[in-house]
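Spelled out from the first residue to the last, the chains are:
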Amino acid sequence: MKFYLINGSNRKKFNTAKLLDSAAEGITDELERRKITAKVEIIDLYTLDYKGCKSCLHCKKIDGKYYGTCPIKDDLLTLLPKLWNSDGIILASPIYFGNVSGQMRCFLERLIFPKFVYGSDTLATPKPTAFIYNMNVTRQMSEEMYTESIYNTIERFIEYTFTKPYSLKVYDTYQFKDYSLYEHKFDEKAKKKQLEEQFPKDLEEAYSIGVQIVRDAVNNRH
Ligand SMILES: Cc1cc2nc3c(=O)[nH]c(=O)nc-3n(C[C@H](O)[C@H](O)[C@H](O)COP(=O)(O)O)c2cc1C
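Cut-offs used in this document
Residues numbered from 1 in each chain as written. Predicted model: local features only at pLDDT ≥ 70, side-chain atom pairs only at ≥ 80, totals over all residues. Heavy atoms only, no water. Helix = DSSP H or I, 4+ residues; strand = E, 2+ residues; numbered from the N terminus. Buried < 20%, exposed > 50% of the residue type's maximum accessible area, 1.4 Å probe, protein only. Contact = heavy atoms within 4.5 Å. 1 Å grid on protein atoms, 1.4 Å probe; cavity = no way out; pocket = protein on both sides within 12 Å on 5 of 7 lines; lining within 4 Å. Points joined across faces, edges and corners; volume = space filled by probe spheres on them. Nonpolar A, V, L, I, M, F, W, Y, C, P; charged D, E, K, R; others polar. Near = heavy atom within 4 Å. Polar contact = N/O pair within 3.5 Å; in protein donor to acceptor, adjacent residues only side chain to side chain. Areas by Shrake-Rupley, 256 points an atom, 1.4 Å probe, with all protein chains shown as cover. Sits in = over half its atoms within 2 Å of the grid points.

### So, the environment of Tyr179
No. 1: Tracing the sequence through the fold places Tyr179 in the loop between strand E6 (166-170) and helix H6 (188-219).
No. 2: Residue class for Tyr179 comes out buried when judged on its relative accessible area of 1%.
No. 3: When the C-alpha atoms of Tyr179 and Glu143 are compared, they prove to be 25 Å apart, with 36 residues separating the residues in sequence.
No. 4: Leaving out residues up to four positions away in the same chain, Tyr179 has contacts with Thr173, Tyr174, His184, Phe186, Glu188 and Lys191.

Laid out in structure tokens, this is it:
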């Protein structure tokens, strides 16, 4: 079996990365409990060279050489088929300007569009998926400022293609290593409290999602 976790943040030791590490631990522990040997790989999107979909439409051309796949020759050329053939995918991204990061959006276009058939079934093999978002704002600010439709739209396309993703939203995350060095208007004490009291619970939720992804993959529950 193969499980992939996709990091849509450049910061490899910050929130998105930590949440994904925890989800990966959940996957690994559940695999171990079930004595299953599998590959679990974290992919850092910012280390890869690629662009979003170019709308060449080769993936939709009837009887075409690239039907259902993507012909663009960049770092996603060999990675995408691995994900399409995997047993589970967990995506994670920071929220930038009320949406997932640009890098993640470009990646989603390339991951989903080749397998997305207009008005018909998906060309992808169903598999358990999850999306973990993390953001600076509090839950209340998020609900006031952003519409749920941003998450719902992304998740609906993932559902059309693979399966309905488990969804975890992590709020009020710690943005700076040292708040005194940067210009900001946050209450550092409140941020620290959130980091120490809430973030460990968020990590536990990410861990549980990892466990669940393995259970679903093993039980074909998707
Ligand atoms: C370009 C940019 C835009 C951002 N926009 C938002 C935003 O709209 N809402 C928000 O809550 N946080 C926003 N943030 C903050 C990040 O979501 C937050 O710091 C997050 O924890 C970063 O993830 P990371 O720690 O994994 O890198 C933004 C950060 C950057 C760099």
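Further notes follow.
### Some thoughts on the layout of surface pockets
No. 1: In this model, the largest pocket occupies a volume close to 400 Å³.
No. 2: Going through the elements one at a time, helix H1 (15-33) and strand E3 (88-96) are the ones with two or more residues in the lining of the largest pocket.
No. 3: The greatest single-element share of the lining of the largest pocket, amounting to 3 residues, is contributed by E3.
No. 4: Among the residues forming the lining of the largest pocket, the class breakdown is 11 nonpolar, 7 polar and 1 charged.
No. 5: Of the pockets and cavities examined, the second largest pocket occupies roughly 290 Å³.
No. 6: Surrounding the second largest pocket, Asn99, Arg105, Leu108, Glu109, Ile112, Phe113, Phe116, Tyr118, Ile150, Thr153, Ile154 and Phe157 form its lining.
No. 7: For the lining of the second largest pocket, the secondary-structure elements that each account for two or more residues are helix H3 (102-112) and helix H5 (149-161).
No. 8: Residue composition of the lining of the second largest pocket, grouped by class: 8 nonpolar, 2 polar and 2 charged.

### Points about empty space enclosed by the protein
Take a probe with the size of a water molecule and roll it over the atoms, and the empty space left behind shows itself.
No. 1: Applying the stated criterion across every chain, the model contains 2 cavities of 30 Å³ or more.
No. 2: Taken as a whole, the largest cavity spans an internal volume of roughly 90 Å³.
No. 3: Lining the largest cavity are 15 residues, with Cys53, Cys56, Cys59, Cys70 and Phe113 sitting closest to its centre.
No. 4: A per-class count over the lining of the largest cavity returns 9 nonpolar, 3 polar and 3 charged.

### Remarks on the site of the ligand
No. 1: Contacts to the ligand come from 17 residues, most closely from Asn15, Thr16, Ile95, Asn134 and Tyr146.
No. 2: A distance of 2.8 Å is found between a nitrogen atom of the ligand and a backbone nitrogen or oxygen belonging to Phe97.
No. 3: For the ligand, whose unbound accessible area comes to 640 Å², protein coverage reaches 81%.
No. 4: With respect to the detected pockets, the ligand is housed in the largest pocket.
No. 5: Elements that contribute at least two residues to the shell around the ligand include exactly H1 and E3.
No. 6: By residue number, the principal contributor to the shell around the ligand is E3, which donates 3 residues.

### Structural notes on the environment of Glu155
No. 1: Of note, Glu155 is situated in helix H5.
No. 2: For Glu155, a relative accessible area of 9% translates into the label buried.
No. 3: Between the C-alpha atom of Glu155 and that of Gln194, which follows or precedes it by 39 residues, the distance is 27 Å.
No. 4: The contacts of Glu155, once residues within four sequence positions are left out, are Tyr133, Pro165 and Ser167.

### Focus: the side chain of Asn7
No. 1: For Asn7, the location among the structural elements is in strand E1 (residues 2-7).
No. 2: With a relative accessible area of 1%, Asn7 lands in the buried category.
No. 3: In this structure the side chain of Asn7 is engaged in a polar contact, spanning 2.8 Å, whose partner is the backbone nitrogen of Ser9.
No. 4: Beyond its immediate sequence surroundings of up to four residues, Asn7 is in contact with Thr16, Ala17, Leu20, Ile43, Asp44, Leu45 and Ala92.

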